Amino acid sequence: MSYKDYNNDFFSYQGTISRKNYIINMLIITALFICINFVRFETFLPFIRPEFLYKILIFMVEFFKFVLLMSAISVIYRRIADFSNSKSNTFKENMKKLFSILFVFPFLYDFCIRYFIDFIPFLQHMLDIAVNIIIIPIGIIALIIFCFIKGN
């Protein structure tokens, strides 16, 4: 697939994505993520007799959330590639930095880094505040703005 081809893959970092497909894909991913968070799986515990099956179910749900977040990051990356493709190299580099700070860092922090800095509670608390109160809301605003920026 060439770099100019539009695609609707949920888990690809190649190519670009149009505004319409970006909005549709992000709505699907967001709806799935919200719906999976509203389901209370502990209500299934009395019906699942071996308790390890419940743990497998929880693992599968958490893995599904991980896959949803990875697919959202890929859709965002392709949208950024779409509208920064015709801009200058400094704009492309700034958008890569913005993508790393607003979308990749919170993802890595929640899934990995947070558990490794558990022995430094002050740093963990400060990063929790930075990610949850500052970076994630700015990232959500950026996601909405990406819907309106015209690409190539």
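The following paragraphs examine the structure supplied in this document. Since we're looking at a predicted model, the values are computed, not measured. (Residues numbered from 1 in each chain as written. Predicted model: local features only at pLDDT ≥ 70, side-chain atom pairs only at ≥ 80, totals over all residues. Heavy atoms only, no water.)

A word on the packing of aromatic side chains. Scanning the entire structure with this criterion turns up 11 aromatic pairs. Seen from their ring centres, Phe66 and Phe111 are 5.4 Å apart, and the 75° between their planes marks the pair as edge-to-face. Of this pair, Phe66 sits in helix H2 (residues 51-84) while Phe111 sits in helix H3 (residues 89-116), and the two are 45 residues apart along the sequence. The class of Phe66 is partly exposed, set by a relative accessible area of 30%. With relative accessibility at 34%, the residue Phe111 sits in the partly exposed group. Here the aromatic cluster, defined as three or more aromatic residues joined through ring pairs, consists of Tyr77, Phe83, Phe91, Phe99, Phe103 and Phe146. (Phe/Tyr/Trp six-rings, centres within 6.5 Å; stacked < 30°, edge-to-face > 60°. Helix = DSSP H or I, 4+ residues; strand = E, 2+ residues; numbered from the N terminus. Buried < 20%, exposed > 50% of the residue type's maximum accessible area, 1.4 Å probe, protein only.)

Turning next to the layout of surface pockets. The space that makes up the largest pocket amounts to roughly 850 Å³. Lining the largest pocket are 29 residues, with Phe33, Leu69, Ala72, Ile140 and Leu143 sitting closest to its centre. Taken together, the elements giving at least two residues each to the lining of the largest pocket come down to helix H1 (19-38), H2, H3 and helix H4 (121-146). If you tally residues by element for the lining of the largest pocket, the top one is H1, at 8 residues. Split into classes, the residues belonging to the lining of the largest pocket amount to 24 nonpolar, 2 polar and 3 charged. (1 Å grid on protein atoms, 1.4 Å probe; cavity = no way out; pocket = protein on both sides within 12 Å on 5 of 7 lines; lining within 4 Å. Points joined across faces, edges and corners; volume = space filled by probe spheres on them. Nonpolar A, V, L, I, M, F, W, Y, C, P; charged D, E, K, R; others polar.)

A pair of packed helices is captured by two measures, namely the crossing angle of their axes and the spacing between those axes. With their axes 10 Å apart at the nearest point, H1 and H2 run at an angle of 160° to one another. The angle between H1 and H2 places the two elements in the roughly antiparallel class. Seen along the crossing, H1 lies across H2 with a hand that is left-handed. Along the contact surface, H1 presents Arg19, Tyr22, Asn25, Met26, Ile29, Leu32, Phe33, Ile36 and Asn37, while H2 presents Val61, Phe64, Lys65, Leu68, Leu69, Ser71, Ala72, Val75, Ile76, Arg78 and Arg79. (Axes fitted to C-alpha atoms, helices over the stretch in contact; angles between N-to-C directions. Parallel < 35°, antiparallel > 145°, perpendicular 65-115°, else oblique. Left-handed = near helix turned anticlockwise from the far one by under 90°. Contact = heavy atoms within 4.5 Å.)

Membership of the largest hydrophobic core comes to 25 residues, with the highest contact counts inside it found for Tyr22, Met26, Ile76, Ile80, Phe103 and Phe146. Going through the elements one at a time, H1, H2, H3 and H4 are the ones with two or more residues in this core. The leading source of residues in this core is H2, at 8 residues. In contact with Ile80, other than residues within four places in its own chain, are Met95, Phe99 and Phe146. (Core = buried A, V, L, I, M, F, W, Y, C linked by side-chain atoms within 4.5 Å.)

Turning to the pattern of salt bridges, a few remarks are in order. If the charged atoms of two oppositely charged side chains come close together, the side chains can form a pair. Counted by the stated rule, this structure contains 4 salt bridges. Here Glu93 ties to Lys96 by a salt bridge, and the two come within 3.9 Å at their closest N and O atoms. With Glu93 and Lys96 both in helix H3 and 3 residues apart, the pair spans about one turn of that helix. Residue Arg114 is joined to Asp128 by a salt bridge in which the shortest nitrogen-to-oxygen separation is 2.9 Å. A residue pair is termed long-range when its members are at least 10 positions apart, and Arg114 in helix H3 and Asp128 in helix H4 qualify at 14 residues. (Salt bridge = Lys/Arg side-chain N within 4 Å of Asp/Glu carboxyl O.)

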